[in-house]
Amino acid sequence: MTLGTFILVSLVKILLALFVLLTAVAYTVWLERKVVGHIQNRWGPTRVGPFGLLQPMADGVKFLFKEDLTPPHVYRPLYIAAPMIAVVFALTSIAVIPFGNWIAIGSIYTPLQIADVNIGLLIILGITSLGVYGVALSGWSSNSKYSLLGGLRASAQMVSYEIALGLSLVGVVILSGSLSLREIVDAQAGHFWGFIPNWNIFRGGQFVAFFIYLMAAYAETNRIPFDLPEAETELVAGYHTEYSAMKFAMFFMAEYANMITVACLASLMFLGGWRGPVFGPEILQDVLPIFWFLLRVFVFLFVYIWVRGTLPRFRYDQLMAFGWKCLLPLAIANLVITALVVALRA
Amino acid sequence: MLHLILFSVFGLICAAAAVNLLVQSHPINSALSLVVVMGSLAVEYLLLGAEFVAAVQVIVYAGAIMVLFVFVIMLLNAGKEERTKGSRVSLFIGIPGVTIGSVLMAWVLITHSGTRSVEAGALPGDPRQIAQLLFHQFLLPFEVTSILVLIAIMGAVVLAARPEALQPTEEKN
Amino acid sequence: MVPLSYYLVLSGFLFACGVTGFLIKRNIITIFMSIELMLNGVNLSFVAFAAQWHALSGQVFVFFVMVVAAAEAAVGLAIIIAVYRTRETLNVDRVNLLKL
């Protein structure tokens, strides 16, 4: 493929992925409001469009027209830049996430992934690490005590649980022998014992790692039960107290985009990626893997929202103790056991 | 050609951010400029083929060490710098001195280094091969640095703790 | 095809900026950041030479530099916090007496 064709195809993929991701963010908000509403025995949005499906549009219009107030006491450059940083890093992770196999359109043979790099997993971890800046800087630049405390707590929480997140994924890397997301999914092909698929959570024995990843992901994305830094009843709203309209919407989008990224990563690492029964004509064989992948992401997001509607939140010291004293040793133990099993089997 | 363009663009960003670190008076701006330096250095490493080193640079350096710096700046609420007698003296002596030294070094490097050049992705830093080196040839430095990090963790916790938090708890009657 | 000297000049420039920052800055945290800048410059020249001589040890050594930088940053910042707690200033010119 020539350089020009490559750039054109990549641009198309980037635009498509961004469009899909932003729509997914908007409709994840809708899904959350509906599911949490039904858990709490009420309807959720029903008025705007059938089943409230146009509610995200209404929210978007509301955010655009709301008064974008910049308080006078803030440190203006960082106040304006922090939501942008949060959103940019939240949306960038989609660049290395594969949605399906290689497909052939006409004469172009391209993977369903914007960038197929050897170290895809490390790139996602790196981008997650950089996402802490959006939170920390917004908390500090808002120049208010609630924001500062919320920002410090949220960033300390994110940094602590990043370690458990990364370590829980290293077991999968040991089993697959590669850091490339595509190869990790390819290593989960086939079945064992006849019908159980070869996913890392079953055959790889990474069910403990899956739950560590789940909990670390809830903490990374500041969701219940780990959302003390941004709960309305705790610190007003934590690091995004002083933000209004579009900047607040950017933080919101960043949080849900992070959720989606984490869900995609869990589907790739533990649940077999896009593997599923494929049949039928050529076009269906290209599209079905995407459907299976999105099904897994949807299930993961549903569990996310389900947990949000069900559990109470942790106090901050309980949260930090849990991350450092419980999850981290468990993740290390999982790593050691996985490494031992792989070494003894070879 | 593309290699030269990418190198120049990110080299310029790197150099500009390094100069910005010196020029800014508020430490938080200097910290963020340093993050930009580290990010552009990660791209330079990628251009040289060191993909694993680039990823680790972003994860460890830009994503953890600099977050620590930003935390401390936020916690201590460090304000803008003051101008004291010492800083004026060092400005007059330091900047010309370092400029002369670095111009000399750059001149020597460019004129005397021959025509060696590196291609893009010259030495692919595959994680597998780096791990082979790290755990076979460099095993002793690896273990020693892990003990060093452990000592650093304990030292940091003790040094930054409040004095009353380090007192042994009193017995109740 | 970029000549190796370009990478070394960039590395030297970063190192020089780090030295300049160390000399002219008065805020102790900024001085610390200049040290980190110097270490980054050195990392770049390690990777550049590793690429030239096809020796992967250069890239492995970058890890050790990063780990040492991390340890030093952690302990150094803890010392800075301790100094701030007693002296209530971050200006190195004011921390010039052993007596508080």
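This is a predicted model, so every value here is computed, not measured. (Residues numbered from 1 in each chain as written. Chains lettered and ligands numbered in written order. Predicted model: local features only at pLDDT ≥ 70, side-chain atom pairs only at ≥ 80, totals over all residues.)

**Considerations on the overall build of chain B**
Here comes step 1: When helices and strands are tallied, chain B shows six helices and one strand.
Here comes step 2: Taken from N to C terminus, the helices and strands of chain B fall in the order α-α-α-α-β-α-α.
Here comes step 3: Across the 173 residues of chain B, 34% fall into the buried class.
Here comes step 4: Long-range contacts, defined here as pairs at least 24 residues apart, represent 61% of the contacts in chain B between residues at least 6 apart. (Helix = DSSP H or I, 4+ residues; strand = E, 2+ residues; numbered from the N terminus. Buried ≥ 20, exposed ≤ 12 C-beta atoms within 10 Å, placed from the backbone. Contact = placed C-beta atoms within 7 Å.)

**A few points about the overall build of chain A**
Here comes step 1: When helices and strands are counted, chain A shows 11 helices and four strands.
Here comes step 2: For 346 residues, the compact-globule estimate of 2.2 N^0.38 gives 20 Å, and chain A sits close to it at 21 Å.
Here comes step 3: With the C-alpha coordinates of chain A rotated into their principal frame, the extents come out at 60 × 50 × 45 Å.
Here comes step 4: Taking all contacts inside chain A whose residues are at least 6 apart in sequence as the whole, residues at least 24 apart take part in 75%. (Rg over C-alpha atoms; globule rule 2.2 N^0.38 Å.)

**Brief notes about the pairing of strand β1 (residues 102-105) of chain A**
Residue and element names in this part refer to chain A.
Here comes step 1: Looking at chain direction, β1 and strand β2 (residues 108-111) are connected through four bridges and run antiparallel. Across the sheet, the residue bridging to W102 is P111, located in β2.
Here comes step 2: The antiparallel pairing of β1 with β2 creates a hairpin that spans two residues between the two strands, and G106 there sits at a positive phi of about 65°. (Pairing = 2+ DSSP bridges.)

**Looking at the interface of chain B and chain A**
Here comes step 1: The interface is formed by 13 residues belonging to chain B together with 15 residues belonging to chain A.
Here comes step 2: Examining the composition of the side of chain B that touches chain A, we find that 12 residues originate from one element, helix α3 (residues 51-76) of chain B, more than from any other.

**What to know about the interface of chain C and chain B**
Here comes step 1: Counting residues at the interface gives 60 residues for chain C and 72 residues for chain B.
Here comes step 2: The set of elements that each furnish at least two residues to the side of chain C that touches chain B consists of β1 (2-3), α1 (4-24), α2 (28-53) and α3 (57-87) of chain C.
Here comes step 3: Broken down by element, the residue count for the side of chain C that touches chain B peaks at 22 residues, all from α3(C).
Here comes step 4: Residues that form the side of chain C that touches chain B fall into these classes: 45 nonpolar, 12 polar and three charged.
Here comes step 5: Relative to β1(C), strand β1 (residues 117-118) of chain B is paired through two bridges, and the arrangement is antiparallel. (Nonpolar A, V, L, I, M, F, W, Y, C, P; charged D, E, K, R; others polar.)

**Some remarks on unusual backbone geometry**
Residue and element names in this part refer to chain A.
Here comes step 1: The omega torsion of the bond from I224 to P225 falls at 5°, within 30 degrees of zero and hence cis.
Here comes step 2: Summarising the element assignment, P225 is placed in the loop between α8 (207-220) and α9 (245-269).
Here comes step 3: Not every positive phi belongs to a glycine, and F51 is a case in point at roughly 60°.
Here comes step 4: Looking at the element boundaries, F51 is found in the loop between α1 (3-39) and α2 (55-65).
Here comes step 5: Here the phi dihedral of N143 falls at roughly 55°; this positive angle occurs in a residue that is not glycine.
Here comes step 6: As for its placement among the helices and strands, N143 is situated in the loop between α5 (132-141) and α6 (145-176).

**Here's the deal with the confidence of the model for chain A**
Here comes step 1: Of the residues in chain A, 98% have a pLDDT of 70 or more, and the chain-wide mean is 87.
Here comes step 2: Strand β3 (residues 191-192) of chain A is the least confidently modelled element of chain A, averaging 74 in pLDDT, while helix α4 (residues 120-130) of chain A averages 93, the highest of any element. (pLDDT = per-residue confidence, 0-100.)

**A word on the nonpolar core**
Soluble globular proteins: nonpolar side chains tend toward being buried together.
Here comes step 1: Among the nonpolar cores identified, the biggest contains 177 residues, and M66(B) and V47(C) are the most heavily contacted of them.
Here comes step 2: Per-element accounting of this core gives the leading share, 18 residues, to α3(B). (Core = buried A, V, L, I, M, F, W, Y, C linked by C-beta atoms within 7 Å.)

**Thoughts on α2(C)**
Residue and element names in this part refer to chain C.
Here comes step 1: Spanning 26 residues, α2 covers 38 Å between terminal C-alpha atoms, matching the ideal 38 Å at 1.5 Å per step.
Here comes step 2: Taken across its 26 residues, α2 has 19 buried, putting it largely inside the fold.
Here comes step 3: Positive backbone phi, approximately 50°, marks H54, located one or two places after α2. (Expected span 1.5 Å × (residues − 1).)

**Description of the environment of V74(A)**
Residue and element names in this part refer to chain A.
Here comes step 1: Assignment of secondary structure puts V74 in the loop between α2 and α3 (76-92).
Here comes step 2: Spatially, the C-alpha atoms of V74 and S144 are 8.3 Å apart, while their sequence positions differ by 70 residues.
Here comes step 3: Every residue in contact with V74, bar those within four places of it in the chain, is listed here: Y79, S141, S142, N143 and E242.

**A closer look at the packing of α1(C) against α2(C)**
All names here are of chain C.
Here comes step 1: At a closest axis distance of 7 Å, the pairing of α1 and α2 adopts a crossing angle of 165°. Between α1 and α2, the angle is such that the two are roughly antiparallel. The crossing of α1 and α2 is left-handed.
Here comes step 2: Here the contact of α1 with α2 is built from residues that sort into 16 nonpolar, nine polar and no charged. (Axes fitted to C-alpha atoms, helices over the stretch in contact; angles between N-to-C directions. Parallel < 35°, antiparallel > 145°, perpendicular 65-115°, else oblique. Left-handed = near helix turned anticlockwise from the far one by under 90°.)

**A look at the confidence of the model for chain B**
Here comes step 1: Mean pLDDT for chain B: 85, with 88% of residues reaching 70 or above.
Here comes step 2: Two numbers describe this predicted complex: its pTM, 0.91, and its ipTM, 0.92.

**Regarding the packing of α1(A) against α9(A)**
Helices that pack against each other are described as a pair by the angle of their axes relative to one another and the distance between those axes.
Residues and elements named next belong to chain A.
Here comes step 1: α9 packs onto α1 with a crossing angle of 100° between their chain directions and a minimal axis gap of 9 Å. Considering their axes alone, α1 and α9 lie roughly perpendicular with respect to each other. Here L21, A24, V25, T28 and V29 of α1 lie close against α9, whose contacting residues are M253, Y256, A257, M259 and I260.
Here comes step 2: Residues that form the contact of α1 with α9 fall into these classes: nine nonpolar, one polar and no charged.

**Remarks on the environment of I153(B)**
Here comes step 1: On the secondary structure map, I153(B) appears in helix α6 (residues 139-160).
Here comes step 2: By the C-beta count within 10 Å, which is 14 here, I153(B) ends up partly exposed.

**A few points about the environment of F298(A)**
Here comes step 1: Checked against the element boundaries, F298(A) lands in helix α10 (residues 282-310).
Here comes step 2: A C-alpha to C-alpha distance of 14 Å links F298(A) and L214(A), two positions 84 residues apart in sequence.

**Quick look at helix α2 (residues 27-47) of chain B**
Residue and element names in this part refer to chain B.
Here comes step 1: If you check α2, its first and last C-alpha atoms are 30 Å apart, about what 21 residues at 1.5 Å a residue would give, namely 30 Å.
Here comes step 2: Buried residues dominate α2, accounting for 18 of its 21 residues.
Here comes step 3: With its phi angle positive at about 90°, G49 sits one or two positions after the end of α2.

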